[in-house]
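Residues per chain are reported as follows:
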Amino acid sequence: MALERWFRRNRPTRKEDDNAPAGLWLKCEACSAQIYRKDLVANAYVCPECGHHYRMPVEARIELLADAGSFEPWSGGIQAEDPLGFVDTQPYPERLEKNRQKHGRPDAIVTGGATLDGEAIGLVVMDFQFLGGSMGSVVGEEIARAAERSAQEGRALVAVTASGGARMQEGALSLMQMAKTTVALELLAERGLPFVSVLTDPTTGGVTASFATLGDVIYAEPGALISFAGPRVIQQTIKQDLPEGFQRSEFLLEKGMLDDVVSRKALKERLAVTIRLLRAGSVAREREKGVGRAAAL
Ligand SMILES: [Zn+2]
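In this text the structure is predicted, and so the values were computed from the model without any measurement. (Residues numbered from 1 in each chain as written. Predicted model: local features only at pLDDT ≥ 70, side-chain atom pairs only at ≥ 80, totals over all residues.)

L123, V124, A147, L157, V158, A159 and V198 are the most contacted members of the largest nonpolar core, which has 56 residues in total. In terms of nonpolar packing, the next biggest core, distinct from the first, is built from five residues, I35, Y45, Y54 and M56 among them. (Core = buried A, V, L, I, M, F, W, Y, C linked by C-beta atoms within 7 Å. Buried ≥ 20, exposed ≤ 12 C-beta atoms within 10 Å, placed from the backbone.)

A few words on the packing of helix α5 (residues 137-152) against helix α6 (residues 172-190). With their axes 8 Å apart at the nearest point, α5 and α6 run at an angle of 5 degrees to one another. Comparing the axis directions of α5 and α6 gives the class roughly parallel. Residues S137, V139, G140, I143, A144, A147, E148, S150 and A151 of α5 form the contact with α6, whose own contacting residues are L173, Q177, K180, T181, A184, L185, L187 and L188. (Axes fitted to C-alpha atoms, helices over the stretch in contact; angles between N-to-C directions. Helix = DSSP H or I, 4+ residues; strand = E, 2+ residues; numbered from the N terminus. Parallel < 35°, antiparallel > 145°, perpendicular 65-115°, else oblique. Contact = placed C-beta atoms within 7 Å.)

This part takes up α6. With 19 residues, α6 extends 29 Å between its outermost C-alpha atoms, agreeing within 8% with the 27 Å of an ideal straight helix rising 1.5 Å per residue. Among the residues making up α6, those that are buried are S174, Q177, T181, A184, L185 and L188. Contact partners of the buried residues in α6: α5, β6 (156-163), β7 (195-203) and α7 (205-208). Two residues or fewer past α6, G192 is found with a positive phi of approximately 65 degrees. (Expected span 1.5 Å × (residues − 1).)

Ordered in space as β3-β4-β5-β6-β7-β8-β9, the seven strands form an open sheet in which the pairing is mixed. Of all the strands in the sheet, the pair left with one neighbour each is β3 (72-73) and β9 (260-261). With six bridges joining them, β6 and β7 adopt parallel strand pairing. Within β7, the position partnered with A159 by the bridge is S197. Of the strands in this sheet, β4 (109-116), β5 (119-126), β6, β7 and β8 (217-220) are in contact with helix α10 (residues 264-296), which crosses β7 at around 150 degrees. (Pairing = 2+ DSSP bridges.)

Below, the discussion takes up the confidence of the model for the protein. Looking at the protein as a whole, the pLDDT averages 92, with 92% of positions reaching at least 70. A low-confidence stretch, residues 10-18 (pLDDT under 50), is modelled with seven contacts involving residues beyond four sequence positions or located in other chains. (pLDDT = per-residue confidence, 0-100.)

In this section: the domain arrangement of the protein. Many analyses report the size of an interface as the accessible area lost when the parts associate. By domain assignment, the protein separates into domain 1 (1-54) and domain 2 (56-296). Relative placement of domain 1 and domain 2: their C-alpha centres are 28 Å apart. Every contact between the two is made by 10 residues of domain 1 and, on the other side, 12 residues of domain 2. Classifying every residue of the side of domain 1 that touches domain 2 by side-chain character gives four nonpolar, four polar and two charged. (Domains from an automatic or database assignment. Nonpolar A, V, L, I, M, F, W, Y, C, P; charged D, E, K, R; others polar.)

When a strand is regular, its side chains alternate between the sheet's two faces. Within β5, six of the eight residues are buried, leaving the element largely enclosed by the surrounding structure. Strand direction decides the pairing type here: β4 and β5, joined by eight bridges, are antiparallel. Its bridge partner lying in β5, L116 is registered against E119. Hairpin geometry of β4 and β5 is characterised by an intervening segment of two residues between the two adjacent antiparallel strands and by a positive phi of about 50 degrees at D117.

Okay, here's the thing in structure tokens:
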């Protein structure tokens, strides 16, 4: 006990990153076990005691999914404007600049090409720490470009989502990203290329209502909040108590909104198998079409 207090007193205040709890030791928010922080990081930000999935930094997510050294960044070349001259507690350009400095990227998304267990993929990873992973014009454009490039290069697309929804500071332009991303995904479908969506905690609002739930296969991580409107808004609107586990992955799987809930450690392998199956299916369909055409002649 005394030792534990000593650790608590000496807890460093500077955070290495905002995605995981700081300090040498932390108390798991799900099972209250004392976990050594390095163990949590080494375990892909999953509690070694109870399996609770913590939010994960973008770079760690890329490392988890992309084969070593295979990731080649595509995003980062565009920056958001301030079309509305939006000011809340601070002007939007100032808020953006602070986030850019803090997180070292122009907006709430990273995209790139990689291989996943040898399969060529386009990879989209949203950054919830950057303005709540909100989808403004840059996030939408980067997703659309990643989908287009993947289609051109014959890659499957994997999107790992984490978002509070549309970016209110860009108003209607944010809402248009829902249509833009949806249309871009069509290119993959036309070429028979798989799009697999991985919903992580939290995936909400306009992201849930557009590309995130358009995957050929939709997976989610355990315990992730996945919703359009948040539970409090719904509760206040319908004036009823919500069922337990409402809007969590397991609940949505039961209701048929997801194809499966996959633990983080099994995710890469599951994605590889899924991509291979979808690709094989698409090749078989093309071959059947060819046979059908030959028979008609
Ligand atoms: Zn735990």
